[in-house]
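Each chain, written out:
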Amino acid sequence: MAHLFDANLVRLLCSCGLMKPITGIYFCRHCVKLRCSNCVSHELDMRYCPNCLENMPAPEARLKKNRCGNCFDCPSCGQSLSTRLSIQSPDPEQPSRSIQRKLYFLSCSGCRWTSRDVNIPDQTVATGGWPEQEPPNKERILSLLEHYRAVALRDKMDRERKKQAAARVKKSPASFLRSGDAGADKLSSVSSSLASAKKSLAAINTYAHKGDTPLTSQLTPAEASEEVEGLPDDIFTEPVVLAQVCSVEQRLRSPEQQPSQSSSLYPLHKHMLVKRSLRCRHCEHNLSKPEYNPSSIKFKIQLGAYYHVPDVRLVRPVPLSVGQEARVELSLCNPTPHLMPLALLPFLPHLTTAHIDAGVTASSPGPRFIEVPTESCLPELCTSVTLPQGQLLLAPRDDTAEYGDADAHNSFKDDPQVVTWRRANKVGVTVCVTPEAVTDALYIGFLLRYDYTNNMISASSGLSSVGPVSLGPSADLSSLGSGPPSGPSSLTPSVESRTVTLNVPVIIKLGAVSASASESTA
Amino acid sequence: MAKQLDPSVCNVTVAAGATVCLEGDFIGEITIGARTVVHPKARIIAEAGPIIIGEGNLIEEQAQIINRRPEGSDDSIQRTLNIGHNNVFEVDCLVEAESIGDNNVFEAKSRVGRGVTVSRGCVVGSLCTLTCPQVLAENSVVYGSDHLRRHQHERPVVQALQLEFLNKVLPNFHYLVKPKKKSAPAAAVPSS
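Residues numbered from 1 in each chain as written. Chains lettered and ligands numbered in written order. Predicted model: local features only at pLDDT ≥ 70, side-chain atom pairs only at ≥ 80, totals over all residues. Heavy atoms only, no water.

(A) Summary view of the sheet that holds strand 12 (residues 286-290) of chain A. All names here are of chain A. Read across the sheet, five strands follow the order 6-5-11-12-13 without closing on themselves; strand pairing throughout is antiparallel. The two strands at the open ends of the sheet, each matched to only one other strand, are strand 6 (55-56) and strand 13 (299-302). Pairing of strand 12 with strand 13 involves three bridges; the strand directions are antiparallel. Paired with Pro290 across the two strands is Phe299, which belongs to strand 13. (Pairing = 2+ DSSP bridges. Helix = DSSP H or I, 4+ residues; strand = E, 2+ residues; numbered from the N terminus.)

Encoded structure:
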């Protein structure tokens, strides 16, 4: 049963040319195209701590290096640390006696690391108050930061001064008056411009005073030395105890300290996570927008492909052997509340020129091609694939269908050659595959052509008379019933329904191919 | 009439104060110390010699403690598996160790193979497998999918509260193996 939920078996080819499972693909209703994480713009909505689910604004997060102030990760194994309580503790004055008081320490449930291991004193409060380690290069980094901030300020002032100087040149008549004839201020208009010139000059002077002074923070430049600190004397004589030496992962988890001994591992502040919204790069509409609350897992907008594109699944894995025809059963599921005509067409990815055969009808689909970007990472597809011929109809999704008597199949005149079974909004079809060579993974591909009914709230009027939006070269030439838009064309904002024919390339991984038929049956 | 362990298969000696459920699988000569709790579906199999379990141990459901005979070895050689005090054998662990000291924890689904000597205060993490003959140093922890090892400062705490609770609760719902009376060993098995 695991194959039913293995999302990587059936993958769709995104409009950018990447293959992604349907769960990783979005559907832009405005462009009527598939989008994936590769071809949308990601926007950071908020930062939050995954442990305490606390929201943190951006400036504070920058100050805290995108880490939570209260939650910690284990420095030894990386799991979340939990706060433990111990009631009894030795009296600080008389170690032999113990007194009753609540003390808290951090403990890892994975590797049993505790804050007592590295002699961090227990805390009397449950949260906060843990001692922080000072980064060894903190002074130097702070002085560097200060220095370069001053440098940046000076550069900014220089730019300002140049700008002001350029402005002064433009106002040269006024400055002329100021330096020369004092009696010329009879003209009130000139005097006003003089005043502004004076003001600007004064401003320049204040800048100039600051800019001319040398930088207040004198930076001691870093000195390179050829001498490297020698190895400790006992490194060749003492045996290495692996349990006391940090691994590379453990060292790099705290880049400021990089402890080499596990006795100097300190708890690490937990990294923040982000909630992000996705936006189509072409039409700039939101494809995914989460709710703002960190504890909520819902979305305000979620245009996932699994709400709009028929879901193709492999019903059961089939044994494959070279030269023997295997019947691969697929299920197609309609996630939309609209009737969906659908057909499987051959997918020929390596033909770069799009070729459209206008005379082909749906009942006898001939070869049709789709353009695929060169950057795509398509696997080698099996060529001898017999797809079910003709068109089939997918019933609309009905949430009540599973409770009632499902006799919906009576209303569809199915060709038994095409449809093997039909249940609510799902149908089963069979694809015949003849593998040609022994491989670890056989891929088949086809073009899923279906009519998608797009309900859009249109703010403007009179646009609904536009014909079906085409996707792919052959979309508007399709014979799959891409008729005129059925939405009403009125002057008020209305829900506009238009039917579009879409072509979605689907690539299915079938599994390993064995050498011969006798071997697979044995 | 309370059920009895089959005396032809096993000889379980239980100290007073231990809670040993009768539903467990017991084979061979087994001695269980005071305050030790053995859950209903634990398996203790003393195939290659007696198993002596100390005090205050907690043997949870589906834990297996096996004193297994090496393949192809002489049947006559007896080997005793000594288990110390205050060890915890969590759910579905498999322990075939050479000997076990005190205050060790065998977490859920851990496996300790033959030839491993577990000293004191050790923790074998969940799903960790130790098969090569070795001696686990005191207070060592084996954890994670990569079987990383570390040395901990303190030994694991004794599960005193849990033992106390189980001591109270288990007799309400399960038949227990009763401590043998010294005076009448024959009276316990009159029918056989």
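Still more ground to cover, so stick around.
(B) Structural detail: the sheet that holds strand 10 (residues 88-89) of chain B. All names here are of chain B. Ordered by their spatial adjacency, eight strands build an open sheet running 2-4-7-10-13-16-19-20, and the pairing between neighbours is mixed. Edge positions in the sheet fall to strand 2 (19-20) and strand 20 (148-151), since each of these pairs with one other strand and no more. Note that strand 4 (residues 37-38) and strand 7 (residues 58-59) share two bridges and pair parallel. Its bridge partner being in strand 7, Val38 is matched across the sheet by Ile59.

(C) Looking closely at the packing of aromatic side chains. All names here are of chain A. One pass over the structure, following the stated rule, counts three aromatic pairs over all chains. Ring centres of Phe27 and Tyr452 lie 4.9 Å apart, and the angle between their planes is 75 degrees; this geometry places the pair in the edge-to-face category. Of this pair, Phe27 sits in strand 3 (residues 25-28) while Tyr452 sits in strand 22 (residues 442-458), placing them 425 residues apart in sequence. Look at Tyr306 and Tyr307: their rings are 4.8 Å apart centre to centre, the planes differ by 55 degrees, and that puts the pair in the tilted class. Between Arg116 and the ring centre of Phe105, over which it is positioned, the NZ or CZ distance is 4.0 Å. Over the aromatic face of Trp421 sits the side chain of Arg423, whose NZ or CZ is 4.7 Å from the ring centroid. (Phe/Tyr/Trp six-rings, centres within 6.5 Å; stacked < 30°, edge-to-face > 60°. Lys NZ or Arg CZ within 6 Å of the ring centre and 35° of its normal.)

(D) Focus on the interface of chain A and chain B. Contacts between the two partners involve 11 residues from chain A and, on the opposite side, 13 residues from chain B. For the pair chain A and chain B, the two sides together bury roughly 1,000 Å², of which 42% comes from carbon and sulfur. When residues of chain A are sorted by the area they lose upon contact with chain B, Arg112, Asp117 and Ala243 of chain A head the list and together hold 52% of the total. Across the chain A-chain B interface, the total number found is two salt bridges. A salt bridge links Glu107 of chain B to Arg112 of chain A, with the nearest nitrogen and oxygen atoms 2.7 Å apart. Remark: the boundary between chain A and chain B carries six residue pairs in polar contact (both at pLDDT 80 or more). Tallied by class, the residues present in the side of chain A that touches chain B amount to four nonpolar, four polar and three charged. (Contact = heavy atoms within 4.5 Å. Buried area = accessible area lost by both parts, 1.4 Å probe. Salt bridge = Lys/Arg side-chain N within 4 Å of Asp/Glu carboxyl O. Polar contact = N/O pair within 3.5 Å; in protein donor to acceptor, adjacent residues only side chain to side chain. Nonpolar A, V, L, I, M, F, W, Y, C, P; charged D, E, K, R; others polar.)

(E) Broad picture of the pattern of salt bridges. Residues and elements named next belong to chain B. In this structure the tally under the stated criterion is 17 salt bridges over all chains. Its salt-bridge partner being Arg35, residue Glu55 comes within 3.8 Å of it at the nearest N-O pair. A residue pair is termed long-range when its members are at least 10 positions apart, and Glu55 in the loop between strand 6 (51-53) and strand 7 and Arg35 in the loop between strand 3 (25-32) and strand 4 qualify at 20 residues. Classification of Arg35 by relative accessible area gives partly exposed; the value is 43%. Here Arg120 and Glu138 are joined by a salt bridge, their closest N and O atoms 3.2 Å apart. Of this pair, Arg120 sits in the loop between strand 15 (116-118) and strand 16 (123-124) while Glu138 sits in the loop between strand 18 (134-136) and strand 19 (140-143); the two residues are 18 residues apart in sequence, bridging distant segments of the chain. (Buried < 20%, exposed > 50% of the residue type's maximum accessible area, 1.4 Å probe, protein only.)

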